[in-house]
Amino acid sequence: MNIGESLRFAWRGVNANKVRSALTMLGVLIGVAAVIVLVGVGNGASQSVTQTLSSLGTNTLTVTPGTATSSGLLGLRRSTETPAVGTGGTLIRPETLTAADAAALSTPGAAPDVTAVAPVVSPAGVVASYSDTSHQLGSMTGSTAGYLGIANDTVSQGRAYTATDVAAHARVVLVGPTAAKALAGGDGSALLGQEIRLNGVTFTVIGILTEKGSVGARDQDDRMIAPLSAVQDHLAGYGDLTSIAIQAADADAVGAAQAQVEAILDARHRTGAASRDFTVTSSASMLSAANSITGTLTVMLGAIAAISLLVGGIGVMNIMLVTVTERTREIGVRKAIGADRTEIIMQFLVEAILLAVFGGLAGVLLGVGLCQIPVAGFRAEVDPASVGIAFGFALAVGLFFGIYPATRAASLRPIEALRYE
Amino acid sequence: MSATETPVIAVEGLRQTYGSGETQVHAVDGVDLVVERGDYVAIMGASGSGKSTMMNILGCLDTPTAGRYLLDGTDVRTLSDREQARIRNRKIGFVFQHFNLIARTSALANVELPLAYAGVPRSERRRRAVDALTLVGLAGRLDHTPAQLSGGQQQRVSIARAIVGEPVLLLADEPTGALDSRSTDEVLDLFDGLAAEGRTLVVITHEDEVAEHAKRVLRMRDGRIEADVRRAPVDAAPPRWRPGAEAS
């Protein structure tokens, strides 16, 4: 007897009780679909984050005040720790970034791997209004003309502001597409050339920024960028900088540039590696951190899904055991008319594998289908490896959980099996 | 019948014991039996007489505790599980009291089953199964499942299944036990026809009506053969044979 014969017997077994077979397959189906979807979601999140971070440029650095453990993450200031003693007995606490810091970084020759430096202020809660509409901005950025180049920002309509505008304290503003739509309706281009008010101060819209998309639920296009001088004059005041944006010569020079920036600021702030009151982050380091987080997330989601696949497999075993009990007489008859152990094992094993394979195939279809639905701003990316692994795992589950019932069927003695009622 | 021809069944000192010590039961207690090729033997006895145990041993479904059993010249006791399965497949055709057809499976597929396990190619398997079903008068019901057939028809399907592999021995266990009188007659006519063709039949029964059809009747009691009556010569037709009756 060959494998084709076993397949035919097994197929009859699957077909004989369609509802039960379908319900058994459902367990495997859900398991496989869950693996594909959850791994897909993890992948999609990872790709979305990578894309967003890449759009910031791979050769940019950002200096923020405080350390990653205090102000960087929690927004707290280290005001009392390690005060540096300045010359002449004056106590200086340079825990904030100043325009002078930015200027020191852009001094020619000071940091050879740094090609551009832009001081940034970001006042929070700025409300923009135009005619009868007002809108609270997601973010307001004031910086120098060089910022646009560092942040990889371009204007899709109108013009960018220039160094002249910054020097002249010109009240001009670049508007992100989301903010433009919110204020002017339509595609927002009607706002170009119009005067809007930011916290009551009149600014002229000279350009619409190119769309950047959103990161998860956060819309990157709900923002405005204006000259540093004008923002300091009217919105933020002449206090600390929110951050300093720095561009390195190229992606390979990011490490060297970071070291130079840290050295210059350490010298100015009289700090060292341990007592630093600022943090330099590069988009490359953020990218690798984000990738490691999303990678862990993907593995975790996959593991959870694998458990449901395992449960599906136990369902297959359960049903196969019921089937073996229910068909004890049939097994006896088959043995009486000449089936040996191997043939009985094959029949029930193939039946279990068929259930798992059909469930697995349906699960692949469902999983891939579900991945096409966009959720929370990004689409799940189907990982071909996860499809292969999930399907292979379903097959293995059928094989593994089919062996016990099949062996039990085969070890029945024919006279006892025939006598079974 | 020539003396050199191997008997289909040759049993010597057959014993089957269950349990041990005080509760030991000798289901078969020293049976010697030779069944020649072409004979039609009925084994009779009340329940507990050991006839079912005999049936299981003769059908290679159970291994005796002691004694020799040559089936068509092969010593069955020394065979492995796999070889026993093969022997059952090639040499024995079973007819059970409760038919034991595979449910939800067509008559044709049921009859093909022994051939499938024997590795017969599909086209030949189909041809031989159709022939066997035609022989038992069910040519028009090839695609019926057991649930769509009457008891008598189901038993005829199981007879077709038993003879399709051309076994040397047809072994029937209470073949009419679950049938009404009309179906019983049909089945017994079929058996007569098969015996008249020269096939070897062993029928286990407790009904005198069934035994009357056999050429030789054995009575068992307490695990021993109590009486052995020959009603017709081995190479003659069975006593109640009505030529042509089986095709009804």
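Here the structure is a predicted model, which is why all the values come from computation and not from measurement.

A look at helix 13 (residues 384–410) of chain A
Residues and elements named next belong to chain A.
And then number 1: The end-to-end C-alpha separation of helix 13 is 38 Å, in line with the 39 Å expected for 27 residues at 1.5 Å each.
And then number 2: In the structure, helix 13 departs most strongly from a straight axis at Ile403, where the bend amounts to approximately 35° and where the proline Pro405 lies between one and four residues downstream.
And then number 3: Among all positions in helix 13, only Ser386, Val387, Ala390, Ala394, Val397, Gly398, Phe401, Gly402, Pro405, Ala406, Ala409 and Ala410 are buried.
And then number 4: Its side-chain oxygen 3.1 Å from the backbone nitrogen of Ala385, Asp383 forms the N-cap of helix 13.

Comments concerning the nonpolar core
And then number 1: Counting 44 residues, the largest nonpolar core has Met140, Val173, Leu198 and Met224 of chain A as the members making the most contacts within it.
And then number 2: For this core, the element with the highest residue contribution is helix 9 (residues 254–269) of chain A, accounting for five residues.
And then number 3: Formed by 41 residues, the second largest nonpolar core is a distinct cluster that contains Ile36, Leu309 and Ala390 of chain A together with Ala116 of chain B.

Overview of the sheet that holds strand 10 (residues 224–230) of chain B
Residues and elements named next belong to chain B.
And then number 1: With mixed pairing, six strands are arranged side by side in an open sheet as 6-7-8-3-9-10. Looking at strand neighbours, the two that pair on one side only are strand 6 (92–95) and strand 10, the edges of this open sheet. On average, each strand axis in the sheet is tilted by 20° relative to the strand beside it, whichever way the strands run.
And then number 2: Packing against the sheet, helix 2 (residues 81–91) makes contact with strand 6 and strand 7 (169–173), and its axis sits at approximately 80° to strand 6.

Considerations on the sheet that holds strand 4 (residues 66–71) of chain B
Residue and element names in this part refer to chain B.
And then number 1: On the basis of which strands lie adjacent, the open sheet formed by four strands has the order 2-1-4-5 and antiparallel pairing. Looking at which strands have only one partner, the edges of the open sheet turn out to be strand 2 (25–35) and strand 5 (74–75).
And then number 2: In terms of strand pairing, strand 4 meets strand 5 through two bridges, oriented antiparallel. Looking across to strand 5, one finds that Leu70 is bridged to Asp75.
And then number 3: Sitting on the sheet, helix 1 (residues 51–58) is in contact with strand 1 (9–18), strand 2 and strand 4, with an inclination near 120° to strand 1.

Examining the confidence of the model for chain B
And then number 1: Mean pLDDT for chain B: 90, with 97% of residues reaching 70 or above.
And then number 2: Reported confidences for the modelled complex are a pTM of 0.69 and an ipTM of 0.90.

Brief notes about the packing of helix 5 (residues 151–163) of chain B against helix 6 (residues 181–196) of chain B
Residue and element names in this part refer to chain B.
And then number 1: Where helix 5 meets helix 6, the axes come as close as 9 Å, and the angle between the chain directions of the two elements is 20°. The angle between the axes of helix 5 and helix 6 places the two elements in the roughly parallel class. Our pair here, helix 5 against helix 6, has a crossing hand that is right-handed. Residues Gly152, Gln155, Arg156, Ile159 and Ile163 of helix 5 form the contact with helix 6, whose participating residues are Ser183, Glu186, Val187, Leu190, Phe191 and Leu194.
And then number 2: Taken together, the residues of the contact of helix 5 with helix 6 break down into six nonpolar, three polar and two charged.

Details of the pattern of salt bridges
And then number 1: Within this structure, the stated rule accounts for 30 salt bridges over all chains.
And then number 2: Residue Glu330 of chain A pairs with Arg334 of chain A through a salt bridge whose shortest N-O separation is 2.8 Å. Placement of both Glu330 of chain A and Arg334 of chain A in helix 11 (residues 328–336) is noted, with a separation of four residues, approximately one turn of the helix.
And then number 3: Look at Glu330 of chain A and you get buried, because its relative accessible area is 14%.
And then number 4: Look at Arg334 of chain A and you get buried, because its relative accessible area is 4%.
And then number 5: Residue Glu186 of chain B pairs with Arg156 of chain B through a salt bridge whose shortest N-O separation is 3.3 Å. Of this pair, Glu186 of chain B sits in helix 6 while Arg156 of chain B is found in helix 5, placing the two residues 30 residues apart along the sequence. Each member of the pair Glu186 of chain B and Arg156 of chain B is classed as buried.
And then number 6: Each of Arg327, Glu330, Arg334 and Glu351 of chain A takes part in salt bridges that share partners, so that together they form one network.

So, the packing of aromatic side chains
All names here are of chain B.
And then number 1: Scanning the model with the defined rule gives four aromatic pairs over all chains in all.
And then number 2: Seen in terms of ring centroids, Phe94 and Phe96 are 5.5 Å apart; in terms of plane orientation they differ by 5°. Their pairing is stacked.
And then number 3: By relative accessible area, Phe96 is classed as buried at 5%.

Side note on the packing of helix 10 (residues 283–326) of chain A against helix 13 of chain A
All names here are of chain A.
And then number 1: Remark: helix 10 packs on helix 13, axes separated minimally by 9 Å, with the N-to-C direction vectors making an angle of 30°. Taken together, the axes of helix 10 and helix 13 are roughly parallel relative to one another. You can see that helix 10 and helix 13 cross each other, and the crossing is right-handed. In this structure, helix 10 contributes Ala306, Leu309, Leu310, Gly313, Ile314, Met317, Met320, Leu321, Val324 and Thr325 to the contact, and helix 13 contributes Ala390, Phe393, Ala394, Val397, Phe401, Tyr404, Pro405, Arg408 and Ala409.
And then number 2: Along the lines of polarity and charge, the residues of the contact of helix 10 with helix 13 split into 16 nonpolar, two polar and one charged.

Quick look at the environment of Glu166 of chain B
And then number 1: Inspection of the secondary structure puts Glu166 of chain B in the loop between helix 5 and strand 7.
And then number 2: Leave out the neighbours within four places in its chain, and Glu166 of chain B touches Arg90, Arg128 and Arg199 of chain B.

What about the interface of chain B and chain A?
And then number 1: Chain B puts 24 residues into the contact, and the matching count from chain A is 25 residues.
And then number 2: Buried surface at the junction of chain B and chain A, both sides included, amounts to about 2,300 Å², of which 55% is carbon and sulfur.
And then number 3: Scanning the region where chain B abuts chain A turns up two salt bridges.
And then number 4: Its salt-bridge partner being Arg413 of chain A, residue Asp62 of chain B comes within 3.1 Å of it at the nearest N-O pair.
And then number 5: Inspection of the chain B/chain A interface yields seven residue pairs in polar contact (both at pLDDT 80 or more).
And then number 6: Every element with two or more residues in the side of chain B that touches chain A is listed here: helix 2, helix 3 (107–118) and helix 4 (122–135) of chain B.
And then number 7: When residues of the side of chain B that touches chain A are assigned to their parent elements, the largest contribution, six residues, is made by helix 3 of chain B.

Each value, and the rule that gives it
Along each chain, residue indices are assigned from 1 in the same order as the chain's sequence is written. Chains and ligands are labelled sequentially in the order written, the chains with letters from A and the ligands with numbers from 1. Per-residue local features are limited, in this predicted model, to residues with pLDDT of at least 70; the limit for side-chain atom pairs, both in listing and counting, is 80 or more; totals at the level of whole chains, interfaces and linings are taken over all residues. Computation of side-chain values: all heavy atoms of the structure, hydrogens and water removed. Strands are runs of DSSP state E lasting at least two residues, helices are runs of H or I lasting at least four, and both sets are numbered from the N terminus onward. The span you would expect from a helix comes to 1.5 Å times its residue count less one. For a residue, the bend is simply the angle between two axes, fitted respectively to the seven-residue segment ending there and the seven-residue segment starting there. Only protein chains enter the accessibility calculation, which uses a 1.4 Å probe. A residue is then buried if its area is under 20% of the maximum for its type, exposed if over 50%, and partly exposed in between. Whenever a nitrogen or oxygen atom comes within 3.5 Å of another N or O atom, the pair is scored as a polar contact, on the condition that within protein one atom can donate a hydrogen and the other can accept it, and that pairs from neighbouring residues in sequence are kept only if both atoms are in side chains. Take the buried residues of types Ala, Val, Leu, Ile, Met, Phe, Trp, Tyr and Cys, join any two whose side-chain atoms come within 4.5 Å, and each joined set is a nonpolar core. Paired strands, in this sense, are two strands between which DSSP finds at least two bridges. All axes are obtained by fitting lines to C-alpha atoms, using only the stretch in contact for helices, and the reported angles, taken between N-to-C directions, cover 0 to 180 degrees. Any two residues having at least one pair of non-hydrogen atoms within 4.5 Å are treated as being in contact. How sure the predictor is of each residue is captured by pLDDT, a score from 0 to 100. When describing relative orientation, an angle under 35 degrees is termed roughly parallel and one over 145 degrees roughly antiparallel, while 65 to 115 degrees is termed roughly perpendicular and anything else oblique. For a crossing to be left-handed, the near helix must be turned anticlockwise from the far one by less than a right angle; the clockwise case is right-handed. Charged residues are taken to be Asp, Glu, Lys and Arg, nonpolar residues to be Ala, Val, Leu, Ile, Met, Phe, Trp, Tyr, Cys and Pro, and polar residues to be all remaining types, Gly included. Salt bridges are identified by distance alone: a Lys or Arg side-chain nitrogen within 4 Å of an Asp or Glu carboxyl oxygen. Within 6.5 Å between ring centres, the rings of Phe, Tyr and Trp (the latter by its six-membered ring) count as paired, and their orientation is classed by plane angle as stacked under 30 degrees, edge-to-face over 60, tilted in between. A simple way to read buried area is as the amount of 1.4 Å-probe accessible surface that goes missing from two parts once joined, with both sides added.

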